[in-house]
2 protein chains.
Amino acid sequence: MDRIKRNERLAAMARVLTGTPNRLYTLSHFTEMFGAAKSTVSEDLSILADTFAQFDLGRLSTVAGAAGGVIYRAIPSREKRIAALEELSRRLSRPGRLLPGDFLYTTDITCDSDASEIMGEILACRYYEKNPNFVLTMETKGIPVAMMTAKMLNVPLVIARRDSKAYEGSAVKINYISGETGDRIETMALARRAVTPGQKALIIDDFMKGGGTLRGMHDLMREFDVEVVGTGVVIATAEPHLKRVDGVTALMVLSEVDRDRGSAVVKPSDWIYED
Amino acid sequence: MDRIKRNERLAAMARVLTGTPNRLYTLSHFTEMFGAAKSTVSEDLSILADTFAQFDLGRLSTVAGAAGGVIYRAIPSREKRIAALEELSRRLSRPGRLLPGDFLYTTDITCDSDASEIMGEILACRYYEKNPNFVLTMETKGIPVAMMTAKMLNVPLVIARRDSKAYEGSAVKINYISGETGDRIETMALARRAVTPGQKALIIDDFMKGGGTLRGMHDLMREFDVEVVGTGVVIATAEPHLKRVDGVTALMVLSEVDRDRGSAVVKPSDWIYED
């Protein structure tokens, strides 16, 4: 193999590091990949970190010490976060999205790969320091964003089901209360082998009104002796103000509906504008 | 802004291009980003293409002409494809995965972000030239891999539901036959606004035994005047040999089960070993 130039090393490292966010790569990984000295790879990483910072392409962090190395996290800047969520809010506020029963049609956005990725990036940012072992969601609509959040955190996705399924083996099943007036009892189930007691869960879902489904997921995790380190949703409704779960991070807030126009007012949450 | 060095341009371009696979970026996108000449950016892209090829990091293709530019596709080499699917097959063949009713527990693998990504990359490779407008899957287990396939193709994911939901608006609902002996009638539904007549669909699911669910998705697309340009699954069973849908691309084949060990024999499909 010809000697590999800095140009080429930087391009390859950018691809490798950003392809698996939140994974610690040792310096040896790259010294072996390129047949280069540690000092050379360190210099490369420093150029890479500056370039990512300059173009708002995420953050490269160096971890010192024997177990050290380098980690890429797709942390969007405040400007990028605001631009993305204002654009998504505009799309969600367009006439025709409000369905009978005041439901908002959101599936085209939560299932868009670019949109779900940026939402996953922004949600993940809030929970890097909590080190969840997995992301939990409840089928179905929350899965794409939960999947992208899991990818950014480099952890598996775990999906609670409406019912226990033969092809998932023995399961824990709980009842939870859903509906604004708490008048509906529903079921959620999770395969026993899906998680391990003592793990930490980040709960992600697409929509929160009363918070009943999220409450159910919290209760489900207690059955597994799993600690919930955070709860995030794509959209929360402003009303009811009191939710069944506290401390939920919402990307956007739905504040009012206009049945004549068939639209709703959706805006980025206040914290999106914080530094 | 200081003049941006080739090093830095290559690192930033690697991040941008690989972050949105299968999107055509014009040369102007990068000349504006860096304040660099077209000839300079062309040289950069040529170095980038060679580097990706050398390290098996995907393929960069240049499209000539006025509407031209550059496209990144995460096409894994034959070696990488084989290594990934042999490893996944080994994991799927481990004792204890076979559940009562001869179901195989696969959720931990289809929900793993690295595994679902490489499976999405390999599936997408077969369909770039077919230009699907979206990827269709049926809830729930196929969603992560279908989502990653959609990301690689840079198209949205569309999820058929078991039932029509109030929050997705008016829907088309069909019945389909599932179960090996064709003795179960089930329902799938898709919101009217989810797709547009005349579009092209790629169908992706996690598992195929008789092919009833896939047949249902084909029928559903016919109701929407959508052409199905391909069908891919993670695992197909060797038996029954005759499926309800022809020409399905499977990543792996499940050939036999050992009820005493609670395991199944899973291997990569033959085409994985082709050049």
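Above this note sits the structure.
This is a predicted model, so every value here is computed, not measured.

Draft legend 1. Broad picture of the pairing of strand β2 (residues 59–63) of chain A. Residues and elements named next belong to chain A. Where β2 meets strand β3 (residues 69–73), five bridges bridge the pair, whose relative direction is antiparallel. The partner of Thr62 across the bridge, within β3, is Val70. Two successive antiparallel strands, β2 and β3, enclose a turn made up of five residues, where Gly65 displays a positive phi of approximately 100 degrees.

Draft legend 2. Broad picture of the interface of chain A and chain B. Each side of the interface is counted separately: chain A has 63 residues, and chain B has 63 residues. Together, the buried faces of chain A and chain B total about 5,000 Å²; carbon and sulfur atoms form 62% of this surface. Looking at the side of chain A facing chain B, the largest losses of area belong to Arg15, Met147 and Tyr167 of chain A, adding up to 13% of the total buried there. Here chain A is connected to chain B by two salt bridges. In this structure, Lys151 of chain A and Glu117 of chain B form a salt bridge, with 2.8 Å as the shortest nitrogen-oxygen distance. Our enumeration of links across chain A and chain B arrives at 14 residue pairs in polar contact (both at pLDDT 80 or more). Contributions of two or more residues to the side of chain A that touches chain B are made by α1 (6–19), α2 (27–34), α3 (38–54), β5 (103–104), α6 (113–125), α7 (143–153) and β7 (157–160) of chain A.

Draft legend 3. Geometry of the side chain of Thr137 of chain A. Tracing the backbone through its elements, the reader meets Thr137 of chain A in strand β6 (residues 134–138). Beyond its immediate chain neighbours, meaning those up to four positions away, Thr137 of chain A contacts Gly142, Ile143, Ala146, Leu157, Val158, Ile159, Ala160, Ile204, Asp205 and Met217 of chain A.

Draft legend 4. Expanded view of the environment of Arg97 of chain A. Within the secondary structure, Arg97 of chain A sits in the loop between α4 (78–92) and β4 (98–99). On the basis of relative accessible area, Arg97 of chain A is assigned to the buried category, the value being 9%. Here the alpha-carbon distance between Arg97 of chain A and Gly247 of chain A, two residues 150 residues apart in the chain, equals 28 Å. For Arg97 of chain A, the residues in contact, after removing those within four places along its chain, are Arg91, Leu92, Phe103, Leu104, Tyr105, Thr106, Asp108, Ile109 and Gly262 of chain A together with Arg193 of chain B. In terms of polar contacts, Arg97 of chain A uses its side chain to reach the side chain of Asp108 of chain A, at 2.7 Å.

Draft legend 5. Structural view of α3 of chain A. Along its 17 residues, α3 of chain A runs 24 Å from first to last C-alpha, staying within 8% of the 24 Å computed at 1.5 Å per residue. By the burial criterion, the buried members of α3 of chain A are Val41, Asp44, Leu45, Ile47, Leu48, Thr51 and Phe52 of chain A. Viewed end-on, α3 of chain A has its buried residues packed into an arc of 165 degrees, placing them on one side of the element. Turned more than 90 degrees from where α3 of chain A packs its buried face, Asp50 and Ala53 of chain A sit exposed. Structurally, α3 of chain A contributes buried residues whose contacts are with α1, α2, β2 and β3 of chain A together with α1 (6–19) of chain B. Following α3 of chain A by one or two positions, Asp56 of chain A has its phi on the positive side, about 55 degrees.

Draft legend 6. Representation of the packing of aromatic side chains. Under the defined criterion, the tally for this structure stands at eight aromatic pairs over all chains. Seen from their ring centres, Phe52 of chain A and Tyr72 of chain A are 5.5 Å apart, and the 70 degrees between their planes marks the pair as edge-to-face. Pair noted here: Phe52 of chain A is in helix α3 and Tyr72 of chain A is in strand β3, with a separation of 20 residues, a long-range link. Take Phe52 of chain A and Tyr72 of chain A: they sit in the same class, and that class is buried. Ring plane angle 10 degrees and centroid distance 6.3 Å describe the contact between Phe30 of chain B and Phe34 of chain B, whose orientation is recorded as stacked. With Phe30 of chain B and Phe34 of chain B both in helix α2 (residues 27–34), this residue pair falls four residues apart, about one helical turn. Overall, the relative accessible area of 0% leaves Phe30 of chain B in the buried class. Accessibility expressed as a relative area gives 5% for Phe34 of chain B, which makes it buried. Connected via pairs of aromatic rings, a cluster forms that spans Tyr25, Phe30 and Phe34 of chain A together with Phe55 of chain B. Against the face of Trp271 of chain A rests Arg126 of chain A, its NZ or CZ located 3.9 Å from the ring centre.

Draft legend 7. Examining the sheet that holds strand β7 (residues 157–160) of chain B more closely. Residue and element names in this part refer to chain B. In spatial order, the strands read β7-β6-β10-β11-β12-β13; together these six strands make up an open sheet with mixed pairing. What marks the edges here is a single partner per strand, and that holds for β7 and β13 (263–268). Taken pair by pair, the neighbouring strands of this sheet meet at an average axis angle of 25 degrees, ignoring direction. Pairing geometry for strand β10 (residues 200–208) and strand β11 (residues 227–237), over eight bridges, is parallel. Bridging from a neighbouring strand, Lys200 pairs with Glu227 of β11. Each of β6 (134–138), β7, β10 and β11 is contacted by helix α7 (residues 143–153), which is oriented at about 175 degrees to β6, the strand it contacts most. Most of the contacts of helix α8 (residues 212–223) go to β10, to which it runs at about 165 degrees, and overall it touches β6, β7, β10, β11 and β12 (248–258).

Draft legend 8. Examining the relation of the copies chain A and chain B more closely. Taken as rigid bodies, chain A and chain B are interconverted by a rotation of 180 degrees and an axial shift of 0.0 Å, the fit giving an RMSD of 0.0 Å. Within this description, the copies of the chain are treated as partners about a two-fold rotation axis. Here 100% of the interface residues in chain A have copies in chain B that are interface residues too; the copies meet face to matching face.

About the thresholds
- Residues numbered from 1 in each chain as written.
- Chains lettered and ligands numbered in written order.
- Predicted model: local features only at pLDDT ≥ 70, side-chain atom pairs only at ≥ 80, totals over all residues.
- Heavy atoms only, no water.
- Pairing = 2+ DSSP bridges.
- Helix = DSSP H or I, 4+ residues; strand = E, 2+ residues; numbered from the N terminus.
- Contact = heavy atoms within 4.5 Å.
- Buried area = accessible area lost by both parts, 1.4 Å probe.
- Salt bridge = Lys/Arg side-chain N within 4 Å of Asp/Glu carboxyl O.
- Polar contact = N/O pair within 3.5 Å; in protein donor to acceptor, adjacent residues only side chain to side chain.
- Buried < 20%, exposed > 50% of the residue type's maximum accessible area, 1.4 Å probe, protein only.
- Expected span 1.5 Å × (residues − 1).
- Arc of directions from axis to C-beta.
- Phe/Tyr/Trp six-rings, centres within 6.5 Å; stacked < 30°, edge-to-face > 60°.
- Lys NZ or Arg CZ within 6 Å of the ring centre and 35° of its normal.
- Axes fitted to C-alpha atoms, helices over the stretch in contact; angles between N-to-C directions.
- Least-squares fit on C-alpha atoms with pLDDT ≥ 70 in both.

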